[in-house]
Amino acid sequence: MHAATAKWYDRRDSVFVDFCVEDSSEVKVKFDKSKFEFSCVSGTENTKYHNEVGLFGDIDPKESKHRRTDRSVLCCLRKAEPGKSWPRLTKDKAKCNWLSVDFNNWKDWEDDSDEDLSSFDKFSEMMNSMGGDDLPDLDGAEEHESADSDDEKMPDLE
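On a predicted model such as this, the values are computed, not experimentally measured, just so you know.

Asker: With reference to specific residues and values, describe the side chain of S24.
Answerer: Within the secondary structure, S24 is located in strand β3 (residues 24-31). Classification of S24 as buried rests on a relative accessible area of 4%. With sequence-adjacent residues up to four places away left out, S24 is seen in contact with C40, V41, S42, R68, T69 and V73.

This is the structure we're talking about:
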């Protein structure tokens, strides 16, 4: 048995662990208050994976879930104490060679208030709804022919 490679990230109410196993089958995830276990069979060679993780903080096993896709198994661990950040996933400070931080999904939510987030969301929505046709011409150029050297006809290739 091998340990499956995984990435994790922290949110206000949950911690997410994404096990990077393609074409998984026989997926089993067991949530306990202070740990969880993951196992599956993956790939054409039917490689068996098993991970047992002692957690930094407690979770709510009944509210924790997992979802399998063709490329991974994502586990959502519902925190027993929402709003408390986890500096690491594991109880032990020792580095696990199979585990890394998912910086693509990481967010420093501790410093953000809900009001700031909603303002940012409103700003993002406003920017996305703006059309590109109404944008002002920033260089002040009118729409007329210019004598740029790159506008000349290119010679034919021989």
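Asker: Tell me about the environment of K48, and name the residues and values.
Answerer: For K48, the location among the structural elements is in strand β5 (residues 47-54). K48 sits 44 residues away from A4 along the chain, and the two C-alpha atoms are 8.8 Å apart. Ignoring anything within four residues of it in the chain, the contact list for K48 reads M1, H2, C40 and V41.

Asker: Please provide a residue-by-residue account of the pattern of salt bridges, values included.
Answerer: Tallying each qualifying case throughout the model produces 4 salt bridges. In this structure, the salt-bridge partner of D70 is R68, at a minimum N-O distance of 3.9 Å. For D70, a relative accessible area of 51% translates into the label exposed. Classification of R68 as partly exposed rests on a relative accessible area of 38%.

Asker: Mind laying out the sheet that holds strand β7 (residues 73-78), listing which residues take part and the relevant values?
Answerer: Spatial ordering of the open sheet is given by β6-β7-β2-β1-β8, a layout of 5 strands whose pairing is mixed. With partners counted over all chains shown, the strands left at the sheet margins are β6 (65-68) and β8 (99-101), one partner each. Averaged over all neighbouring strand pairs, the angle between strand axes comes to 20°, with direction disregarded.

Asker: Give me the lowdown on the layout of surface pockets, citing residues and values where you can.
Answerer: Approximately 160 Å³ is the volume attributed to the largest pocket. Taken together, W8, R88, L89, T90, D92, K93, A94, K95, C96, L99, S100 and V101 make up the lining of the largest pocket. Broken down by element, the residue count for the lining of the largest pocket peaks at 3 residues, all from β8. By residue class, the composition of the lining of the largest pocket is 6 nonpolar, 2 polar and 4 charged.

Asker: Describe in detail the sheet that holds β3, supporting the description with residues and values.
Answerer: Within the open sheet, the 3 strands sit side by side as β3-β4-β5. Their pairing is antiparallel. Here the strands that pair on one side only, and so sit at the sheet edges, are β3 and β5. With strand direction ignored, the average angle separating the axes of adjacent strands in the sheet is 5°. Inspection of the sheet shows strand β4 (residues 35-42) paired to β5 by 8 bridges, in the antiparallel sense. Within β5, the position partnered with F38 by the bridge is N51.

Asker: How would you explain the packing of aromatic side chains if you had to name every residue and give the values?
Answerer: Per the stated rule, a full pass over the model turns up 6 aromatic pairs. Ring geometry for Y9 against F16: centres 5.0 Å apart, planes inclined by 15°, an arrangement best described as stacked. The exposure class assigned to Y9 is buried, which follows from its relative accessible area of 11%. Consider the rings of F56 and W86, whose centres lie 6.1 Å apart with planes at 55°: the pair is tilted. With a gap of 30 residues between them, F56 in the loop between β5 and β6 and W86 in the loop between β7 and β8 connect regions that are remote in the sequence.

Thresholds, definitions, all that
Residues numbered from 1 in each chain as written. Predicted model: local features only at pLDDT ≥ 70, side-chain atom pairs only at ≥ 80, totals over all residues. Heavy atoms only, no water. Helix = DSSP H or I, 4+ residues; strand = E, 2+ residues; numbered from the N terminus. Buried < 20%, exposed > 50% of the residue type's maximum accessible area, 1.4 Å probe, protein only. Contact = heavy atoms within 4.5 Å. Salt bridge = Lys/Arg side-chain N within 4 Å of Asp/Glu carboxyl O. Pairing = 2+ DSSP bridges. Axes fitted to C-alpha atoms, helices over the stretch in contact; angles between N-to-C directions. 1 Å grid on protein atoms, 1.4 Å probe; cavity = no way out; pocket = protein on both sides within 12 Å on 5 of 7 lines; lining within 4 Å. Points joined across faces, edges and corners; volume = space filled by probe spheres on them. Nonpolar A, V, L, I, M, F, W, Y, C, P; charged D, E, K, R; others polar. Phe/Tyr/Trp six-rings, centres within 6.5 Å; stacked < 30°, edge-to-face > 60°.

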